[in-house]
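As a plain string of letters, each chain reads:
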Amino acid sequence: MDFDLVAFGDAFPRLLPAALTNLTIALVAMTLALIGGTVLTVLRTTGIGLLTGAIGVLISFIRGTPILVQIFLFYYGLPALGLDLTPIQAGVLAIALNSSIFITEIMRGGLSGMDPGPVEAAIALGVRARTIWTRVILPQLYIRILPPLVNELTTIVKGTALLSVITVVEVLRTAQQIANTTFRPLEALLAAAIVLFALNLAISQLGRRLETRFAARRG
Amino acid sequence: MTRPLLKVSNLAKSFGTMTALRDISFEVEAGEVVCIIGPSGCGKSTLLRCINYLTFPDGGFVEVDGTHIGREPGRDGKMRMQSHKRIDQLRPMMGFVFQQFNLWPHMTVLENIARGPVKVQRRPREEVEHQARALLARFGLAGKEDAYPSALSGGQKQRVAIARALAMEPRLMLFDEPTSALDPEIVKEVLLFLRELADSGMTMVIVTHEIGFARHVADRVIFLDGGLVAEQGPARQVLGDPQNPRLREFLAQIHEVAAPADLSTPSH
């Protein structure tokens, strides 16, 4: 097989700084998605028919369309609506919305399996509904759904590579640029895969540590 | 005549077609210990939950030291529901202890106890933590401040739950089958502890299956049957010389299953 180890090795010095872009995008998108997912989850418990109906439509649309299409829609659609966004901003928003939907579904599953007792205890002490959400329900819920949340973060990291299609210079696009000059696409792409894999490996390890750390606080 | 600390009048509650409470009225004087007994499904737990509005009753009134909670008669004589905010404000007058303890698993023991007074009553954290530590020491739980509930035994969890309720300095305590989720060997430990609490003068309403405990600790016993108070009176009279045939049957059944915990002599 014709595999150029030198070209493979030479790709890393350019890919590693690009990986920082992927990681930054992923962390920002994850933060927004956590906030979005939490807000959606709380809104869905209000039982206001119109609201839960609208959220239901949004959920089925996001789940039923490819994320690549959603990214394009944000990239071309938001400027058309008058929002002047850089490709990175549009991409982050697209990924964050997509991920919010999956996170609110994860949270709903987590909620339905939760013991209502601690909430009743808070009610009995006169704790207000808002404080019950922020101090009793959500902390327990996050601890409970930590494994699927970490999984979601790795999905987001993989999703950042998709932003190469809207001109974001991240790991995949950098690899393509390298390939264009070296005419060695396999080496550059394999290196890109390894860089992204290393990122996700680090994230899963961190997730496992968090899980162990919070094990005692699980209900 | 002194005003009763807790006055329950004509409380009623149905779940769909199932009537849990028909028409319940009773009073509890300050310092009194009242045990509520009755067969499964007689509405004992529902009654307790209706008293602090964990479950909203369909009708009737609850008064704590003369203050209505939940539903109050207006000046025009019509009933008026209080706002949720008002009910939240009044609930801490009653401490509630659950069968399943219901500690907050993500908080340390100290935080479980301190959170209510700090967040709800806006008392200074330092003072509250000092009080919480004193409660833990009194309850034989010194050194457990930083433990999470998952590291505690059932009996310890229940004592923390009681400490959490007491930290709010309630006027009275409601206990919903406080020993039913405990291993048999731990039941006595918690019952002795409840007796100490009763001896300290705390007003207590306890839903329980522990007839022996009721006999030795309760001033009064209320027997619920079919959503009504079927019999009530001094513990010795109700349990020693029951008049209601259903109560006789109930007591006979209970004695068959288990000898009541002997609480006549303290173990320490």
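Because the structure is a prediction, the values reported are computed rather than measured.

### Comments concerning the packing of aromatic side chains
The way to describe two aromatic rings as a pair is by their centre distance and the angle between their planes.
Then step 1. In the structure shown here, the tally under the stated rule is 8 aromatic pairs over all chains.
Then step 2. When the ring of Phe8 of chain A is compared with that of Phe12 of chain A, the centres are 5.3 Å apart and the planes differ by 85 degrees; the resulting orientation is edge-to-face. Within this pair, Phe8 of chain A and its partner Phe12 of chain A are both found in helix α1 (residues 5-44), separated by 4 residues, close to a single helical turn.
Then step 3. Between Phe96 of chain B and Phe98 of chain B, the aromatic rings sit 4.7 Å apart at their centres with planes inclined by 45 degrees, giving tilted as the arrangement.
Then step 4. The rings of Phe3, Phe8 and Phe12 of chain A are connected pair by pair, giving a single aromatic cluster.
Then step 5. Against the face of Phe214 of chain A rests Arg213 of chain A, its NZ or CZ located 5.7 Å from the ring centre.

### Considering the interface of chain B and chain A
Then step 1. On the side of chain A, 22 residues touch chain B, which itself brings 25 residues to the contact.
Then step 2. For the pair chain B and chain A, the two sides together bury roughly 1900 Å², of which 63% comes from carbon and sulfur.
Then step 3. Summed over the shared surface of chain B and chain A, the result is 1 salt bridge.
Then step 4. Between Glu120 of chain A and Arg49 of chain B there is a salt bridge, and its shortest N-O distance comes to 2.5 Å.
Then step 5. At the boundary of chain B with chain A, the tally comes to 6 residue pairs in polar contact (both at pLDDT 80 or more).
Then step 6. Mapped by element, the contributors of at least two residues to the side of chain B that touches chain A are β8 (94-97), α3 (109-119) and α5 (154-166) of chain B.
Then step 7. Of the residues forming the side of chain B that touches chain A, the biggest block, 3 residues, is contributed by α3 of chain B.
Then step 8. Residues of the side of chain B that touches chain A, tallied by class, amount to 13 nonpolar, 5 polar and 7 charged.

### Topic: the pairing of strand β11 (residues 220-225) of chain B
Residue and element names in this part refer to chain B.
Then step 1. In terms of residue burial, β11 counts as a mostly covered element, since 6 of its 6 residues are buried.
Then step 2. Of the strand pairs in this sheet, strand β3 (residues 33-37) and β11 are connected by 4 bridges, and their pairing is parallel. Each bridged residue has a counterpart across the sheet, and for Ile37 the counterpart in β11 is Phe223.
Then step 3. Inspection of the sheet shows β11 paired to strand β12 (residues 228-234) by 6 bridges, in the antiparallel sense. Opposite Leu224, over in β12, you have Val229 as the bridge partner.
Then step 4. A loop of 2 residues connects β11 with β12, the two strands running antiparallel in sequence, and Gly226 in this loop sits at a positive phi of about 60 degrees.

### So, the pattern of salt bridges
Then step 1. Applying the stated criterion across every chain yields a total of 21 salt bridges over all chains.
Then step 2. Of the charged contacts, one joins Arg184 of chain A and Asp4 of chain A as a salt bridge, the two residues approaching to 3.9 Å between their closest N and O atoms. Here Asp4 of chain A lies in the segment before α1 and Arg184 of chain A lies in the loop between α8 (171-182) and α9 (185-214), a separation of 180 residues in the sequence.
Then step 3. For Arg184 of chain A, a relative accessible area of 21% puts it in the partly exposed group.
Then step 4. Overall, the relative accessible area of 27% leaves Asp4 of chain A in the partly exposed class.
Then step 5. Across the salt bridge formed by Glu169 of chain B and Arg123 of chain B, the nearest N and O atoms sit 3.9 Å from each other.

Rules used in this analysis
- Residues numbered from 1 in each chain as written.
- Chains lettered and ligands numbered in written order.
- Predicted model: local features only at pLDDT ≥ 70, side-chain atom pairs only at ≥ 80, totals over all residues.
- Heavy atoms only, no water.
- Phe/Tyr/Trp six-rings, centres within 6.5 Å; stacked < 30°, edge-to-face > 60°.
- Helix = DSSP H or I, 4+ residues; strand = E, 2+ residues; numbered from the N terminus.
- Lys NZ or Arg CZ within 6 Å of the ring centre and 35° of its normal.
- Contact = heavy atoms within 4.5 Å.
- Buried area = accessible area lost by both parts, 1.4 Å probe.
- Salt bridge = Lys/Arg side-chain N within 4 Å of Asp/Glu carboxyl O.
- Polar contact = N/O pair within 3.5 Å; in protein donor to acceptor, adjacent residues only side chain to side chain.
- Nonpolar A, V, L, I, M, F, W, Y, C, P; charged D, E, K, R; others polar.
- Buried < 20%, exposed > 50% of the residue type's maximum accessible area, 1.4 Å probe, protein only.
- Pairing = 2+ DSSP bridges.

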